[in-house]
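Chain residues, written in single-letter form:
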Amino acid sequence: MDALGLPRPSWMTEDLVLLEEQARRFISTEYVPHLETWNEKGMYDREVWNTAGAAGLLCPAIPEAYGGVGGSFAHEAVIGRELSLAGFDSFGAPLHSGIVAPYILHYGTDEQKRRWLPKLVTGELVGAIAMSEPGAGSDLQGVRTTAKKSGNGYVLNGSKTFITNGQHANLIIVVAKIDTGAGAKGVSLMVVETDNAPGFRRGRKLHKLGLDAADTSELFFEDLQLPPENLLGGEEGQGFAQLMNDLPRERLIVAVHGQAMIERALALTIDYVKERQAFGRKIIEFQNTQFVLAECKSEATIARVFHDHCIERYLNGALDTVTASMAKYWITDLQGKIIDRCLQLFGGYGYMEEFPISRMYRDARVTRIYAGTNEIMKLLIARSL
């Protein structure tokens, strides 16, 4: 579903084209027929994680030594893009594969990698990362969750909110402070295995403006005992640096999602205006329609070129925080703008829930907020001036 007609980017190798085709077929067959049911139910099935793992759609960049296939971020981008092009925007696989697993791969001890990564690859473990709190969102130094020393282990106390995969996750990386007086240097990442964990409690699945089937949740940790081997990397005080190092990747993942939604909206709208009539003419025949879609296609094409440039830079180890922030802010802003224009061309039907453009209008809004608000992105960009 490519409404832009662009040539294949240089980072898309032949094996990635095959992956794209395989992922598209699988998602179309296994997931798309159930999307409306899951949206109405407000939750997709836990089994989705197992089928995704069996199909090779989880953690493709994990090395073979830890149960993966040894791919790269490009493999994750292809899969994430296909999920969004199919309308499965509520599935937390991009976070599971592109954020949670890489934290363990990049910063975990060898024992931690062997213990957790193979199960993340298969979907036996569902990953989440618990950063945001009721009083701390983009300001990670303001977290109040604590992991106090107890013997040779830790006792975790605190609450988290807006946690993607919160109802399904059974492996959660928790941002906590071991030393509450040390600022950023007091932050560590604690890994919580939730199965049969006294002191762990899932709160409510949050009711949101969009992404109805996403299990975004509150989480609570009450005197939860953790052994020393659940401190990610085994060294205290490294959490803030670990978080900062991986933020460009997180923001690029959001940009990939936003770009895919732009292209899906444009394709759906072009198809619609070629069929729908008003005043005895196809809507595409009106000059206003042509001009609106010409602007949308031009802007979407510019965004796609920048999107591909950022992926290539990331793959070459050259994507800096400022450029990643530009990609996240600019593409998600454009995402909201183009989807709004496309909905207008559907007229009254664009406001109806059974038309995908209506759901996309709601689902797109959060991308300007999560992974750091777009205002924070502008602040980071401004520091480079």
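Check the entry above for the structure.
Note that the coordinates shown come from a computational prediction; the quantities given were computed from them, not determined experimentally.

Caption draft 1: Spatial organisation of the overall build of the protein chain. On a plain count of helices and strands, the protein chain comes out with 11 helices and nine strands. Here the C-alpha radius of gyration of the protein chain, 21 Å, is about what a compact globule of 385 residues would show, namely 21 Å. Oriented by its inertia axes, the alpha-carbon framework of the protein chain measures out at about 80 × 45 × 40 Å. Counting only residues that meet the buried cut, the protein chain has 54% of its 385 residues in that class. For the protein chain, long-range pairs separated by at least 24 residues make up 74% of all intrachain contacts whose partners lie at least 6 apart in sequence. Accessible area for the protein chain stands at about 16,700 Å²; split by element, carbon and sulfur atoms hold 53% of it. Charge-centre separation for the protein chain: the mean point of 40 positive side chains lies 4 Å from the mean point of 47 negative side chains.

Caption draft 2: Here's a closer look at the side chain of Lys113. Tracing the sequence through the fold places Lys113 in helix 6 (residues 110–122). Salt bridges are absent for the buried Lys113, whose nearest opposite-charge side chain, Asp110, sits at 5.5 Å.

Caption draft 3: Up close: the nonpolar core. Membership of the largest hydrophobic core comes to 112 residues, with the highest contact counts inside it found for Phe88, Phe91, Tyr103, Ile129 and Leu156. Considering each element in turn, this core owes the most residues, 13 residues, to helix 7 (residues 239–275). Those residues in contact with Tyr103 that sit more than four places away from it in its chain are Gly108, Ile129, Met131, Ile173, Leu189, Leu232, Gln242, Leu243 and Asp246.

Caption draft 4: The arrangement of the environment of Glu133 in detail. As for its position among the elements, Glu133 is in the loop between strand 1 (127–130) and strand 2 (146–150). Relative accessible area serves as the criterion here: at 6%, Glu133 is assigned to the buried category. Put simply, Glu133 and Thr161 are 28 residues apart on the chain and 5.2 Å apart in space, counted from C-alpha to C-alpha. In this structure the side chain of Glu133 is engaged in a polar contact, spanning 2.7 Å, whose partner is the backbone nitrogen of Arg144. Separated by 2.9 Å, the side chains of Glu133 and Lys160 make a polar contact.

Caption draft 5: Region of interest: unusual backbone geometry. At Leu211, a position not held by glycine, the phi torsion is positive, near 50 degrees. Positive phi, normally seen in glycine, also occurs at Phe279, with a value near 55 degrees. Tracing the backbone through its elements, the reader meets Phe279 in the loop between strand 8 (277–278) and strand 9 (281–282). Overall, Phe279 belongs to the exposed group, its relative accessible area being 82%.

Caption draft 6: Highlighting the packing of helix 4 (residues 73–85) against helix 7. At a closest axis distance of 8 Å, the pairing of helix 4 and helix 7 adopts a crossing angle of 35 degrees. Note on packing geometry: the crossing formed by helix 4 with helix 7 is right-handed. For the pair helix 4 and helix 7, the contacting residues are Phe73, Glu76, Ala77, Arg81, Ser84 and Leu85 in the first and Arg249, Leu252, Ile253, Val256, His257, Ala260, Glu263 and Arg264 in the second. For the contact of helix 4 with helix 7, the per-class residue count stands at seven nonpolar, two polar and five charged.

Caption draft 7: Focus on the pattern of salt bridges. Summed over the entire model, instances satisfying the criterion amount to 22 salt bridges. Residues Glu222 and Arg201 are paired through a salt bridge, measuring 3.1 Å at the closest nitrogen-oxygen approach. Placement of the pair is Glu222 in strand 7 (residues 217–226) and Arg201 in strand 6 (residues 200–205), with a sequence separation of 21 residues. For Arg201, a relative accessible area of 39% corresponds to the partly exposed category. Here Glu218 makes a salt bridge to Arg204, at a shortest N to O gap of 3.3 Å. Residue Glu218 is located in strand 7, and its partner Arg204 is located in strand 6; the two are separated by 14 residues in the primary sequence. Via salt bridges that share partners, Arg81, Glu263, Arg304 and Asp308 belong to a single interconnected network.

Cut-off values and rules
Counting from 1, residues in each chain are numbered in the order their sequence is written. Owing to the predicted nature of the model, reporting of local features is limited to residues with pLDDT of at least 70; listing and counting of side-chain atom pairs is limited to 80 or more, with chain, interface and lining totals taken over all residues. Computation of side-chain values: all heavy atoms of the structure, hydrogens and water removed. Here a strand is any run of E in DSSP of at least two residues, a helix any run of H or I of at least four, and the numbering for each starts at the N terminus. Only C-alpha atoms enter the radius of gyration; for comparison, a globular chain is expected to reach 2.2 Å times N to the power 0.38, where N is the number of residues. Note on classification: 1.4 Å probe, protein chains only; a residue is buried when its accessible area is under 20% of the maximum for its type, exposed when over 50%, partly exposed between these limits. We call two residues in contact whenever any of their non-hydrogen atoms come within 4.5 Å of each other. Only the protein chains shown count as cover for residues, and all accessible areas are computed by the Shrake-Rupley method using a 1.4 Å probe. Counted as positive: Lys and Arg. Counted as negative: Asp and Glu, with His and the chain ends omitted from the count. Where a charge lies is defined by one atom per residue type: Lys uses NZ, Arg uses CZ, Asp uses CG and Glu uses CD. Counted as salt bridges are all cases of a side-chain nitrogen of Lys or Arg within 4 Å of a carboxyl oxygen of Asp or Glu. Here the nonpolar core consists of buried residues drawn from Ala, Val, Leu, Ile, Met, Phe, Trp, Tyr and Cys, with membership extended through side-chain atoms lying within 4.5 Å. Throughout this description, a polar contact denotes any pair of N or O atoms lying within 3.5 Å of each other; where both atoms belong to protein, one of them has to be capable of donating a hydrogen while the other can accept it, and for residues adjacent in sequence the pair is counted only when both atoms sit in side chains. Think of each axis as a best-fit line through the C-alpha atoms, taken over the contacting stretch in the case of a helix, with angles from 0 to 180 degrees between the N-to-C directions. In a left-handed crossing the near helix is turned counterclockwise from the far helix by less than a right angle, and in a right-handed crossing that turn is clockwise. Gly is placed with the polar residues, together with every amino acid not listed as nonpolar (Ala, Val, Leu, Ile, Met, Phe, Trp, Tyr, Cys and Pro) or charged (Asp, Glu, Lys and Arg).

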